[in-house]
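# Observations on chain architecture
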Amino acid sequence: MRMIELRNVSYTYPHTVQDALHDLTFFLPNGSCIMVTGPSGAGKTTLCLAAAGILHHEYGGKKEGSVILDGKNVAGYSGLCELAEKIGIVFDDPEAQMIFTTVEEEILSALEHRGLEASVIEERLSAIMNTTYLSELRNRSPHKLSGGQKQRVALAATLALGNDILILDEPTSELDEHATGRIVAILRNLKALGKTILLVEHKYRHFHELVDILAVMENGRISAIGKPDTVLSDERIRKIVTADFSGIRDVSTGDPRDNTSIATSPETVISVKNLSYSYGDIAALDSVSLDFSSGEFVAIVGENGSGKTTLVKHFNRLLFPASGDVLVKGKNTRESTVTDLARHVGLVFQNPDHMFFADTVQEEVGFGLKNIGITDGIEIIGKALADVNLLHTKDMYPRWLSRGERQRLAIACVIAMRPEIIVLDEPTTGLDGNESRLVMEILKSLQRKGHTIVVITHNREIADNCADRIISMKNGRILSDQRIRGVI
């Protein structure tokens, strides 16, 4: 039986002319898993909204074709409440699904919606929390969790609905390797129970054992679909599905063992001394000490909640030390303003959309320049956009760009201010293989020009192939600090 079927589906959002989906036809058999991947902006999230019936019932725009859910056209459902009895969906922005004050309440709400007996609710609540590794977080506010923890809460609440059909839009985009493995195990068990799964993901290598059908989307169309081995036999498609970071370090800075590209006496640009920080009674950093040198490329790795983002937010005073000190270019951040620090440290957030509010790409890049007193920066803006291959978009509205383009725009906003140090939190989240490699090549080029690059990443291949130094964190402490090349 076909649990989800799209027949010649096309869709155009209101106030746009370009199809987000164009003549899509495919079906998802009962109990199977189809993985959809492809470049940012290809229409993957729109496909999820169409398959769940949300496009039909909640969105305007131009719609063509039909969507069949569990043997019934989505047009025949009374609305989202009836659709929710059939299908559960986890969006790529998990926080948008959270409205309660604790993790437990988020999951309880979904269980209570099913009208179960109190004793059954308690039993299932405990089982779901154990399954999604949330028991220790049950009394925490979901809005104060790490990105990866929020995604587990969103998945847990969806599982609590008990639907036979699950749509997951990049459920592991913010998860580390270990946590991603947990989600794989959860979905493996759900599939064994007969659940039907539509999965939008970029981490094919993690999910390959679950995938019955692999579909690749480009420009609103399905450009390849079939059994994974058959689809991946096409080299062009394979580069979209799986990122290849091999050779980036060699091409950008010479042989990994060649120290000539790094100064023999590098300057310490950031010094962290006995830094501690807590969120309420939760210790995020515990007496961390380390230095960052000019011109090096540092990858910071570790599980969700290990303190990586908390650490780098101290570099430009987005956070203030509870104890200890952070020195940037020799000056204590306690005695510095955010504007002063922005001249030295640029931070690109994990979700670039949090940075954008201007009407054009050019204005977006220019905003940071005005903050540091540069009012006539057209030439600087053009150079920054050219460095990230976005000069042709300068008059476009930033949110019209694809996810990969928005990530590069965020980098342009930072490099326009010419900081010596550029810090990026998960810069390849949500990007396909080609886009991910392009971003890392841009960062290696910036390193070659003398910038210090600090990247938080869950992708060990990025760390191994791009970084000169890998810092591993766990429970707010430095677990290891490994130099791959260069001098200490």
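Residues numbered from 1 in each chain as written. Predicted model: local features only at pLDDT ≥ 70, side-chain atom pairs only at ≥ 80, totals over all residues. Heavy atoms only, no water.

By the burial criterion, the buried members of helix α14 (residues 361-371) are Val361, Glu364, Val365, Gly366, Gly368 and Leu369. For α14, the elements touching its buried residues are α15 (378-387) and α16 (403-415). Just past α14, the residue Gly373 takes up positive phi, approximately 90°. (Buried < 20%, exposed > 50% of the residue type's maximum accessible area, 1.4 Å probe, protein only. Helix = DSSP H or I, 4+ residues; strand = E, 2+ residues; numbered from the N terminus. Contact = heavy atoms within 4.5 Å.)

Reading across from one edge, β2-β1-β4-β5 is the order of the 4 strands in this open sheet, with antiparallel pairing throughout. Single-partner strands in this sheet number two, and they are β2 (21-29) and β5 (72-73). With 7 bridges connecting them, strand β1 (residues 2-12) and strand β4 (residues 62-69) associate as antiparallel partners. When the sheet's bridge partners are listed, Leu6 is paired in β4 with Val67. Its contacts with the sheet put helix α1 (residues 44-51) on β1, β2 and β4, and the angle it makes with β2 is roughly 60°. (Pairing = 2+ DSSP bridges. Axes fitted to C-alpha atoms, helices over the stretch in contact; angles between N-to-C directions.)

Strand order in this open sheet of 4 strands is β12-β11-β14-β15, and the pairing throughout is antiparallel. In this open sheet, the two edge strands, each paired with only one partner strand, are β12 (282-293) and β15 (331-332). Sheet topology places strand β11 (residues 268-279) next to strand β14 (residues 323-328); 5 bridges connect them, and they run antiparallel. Across the sheet, Ser271 pairs through a bridge with Leu327, a residue of β14.

Turning next to the confidence of the model for the protein. A low pLDDT score tells you not to read the predicted coordinates there in detail. On average, residues of the protein score 89 in pLDDT, and 95% of them reach the 70 mark or higher. Taken together, the stretch residues 252-263 has pLDDT below 50 and engages in 21 contacts with residues farther than four places along the chain or on a different chain. (pLDDT = per-residue confidence, 0-100.)

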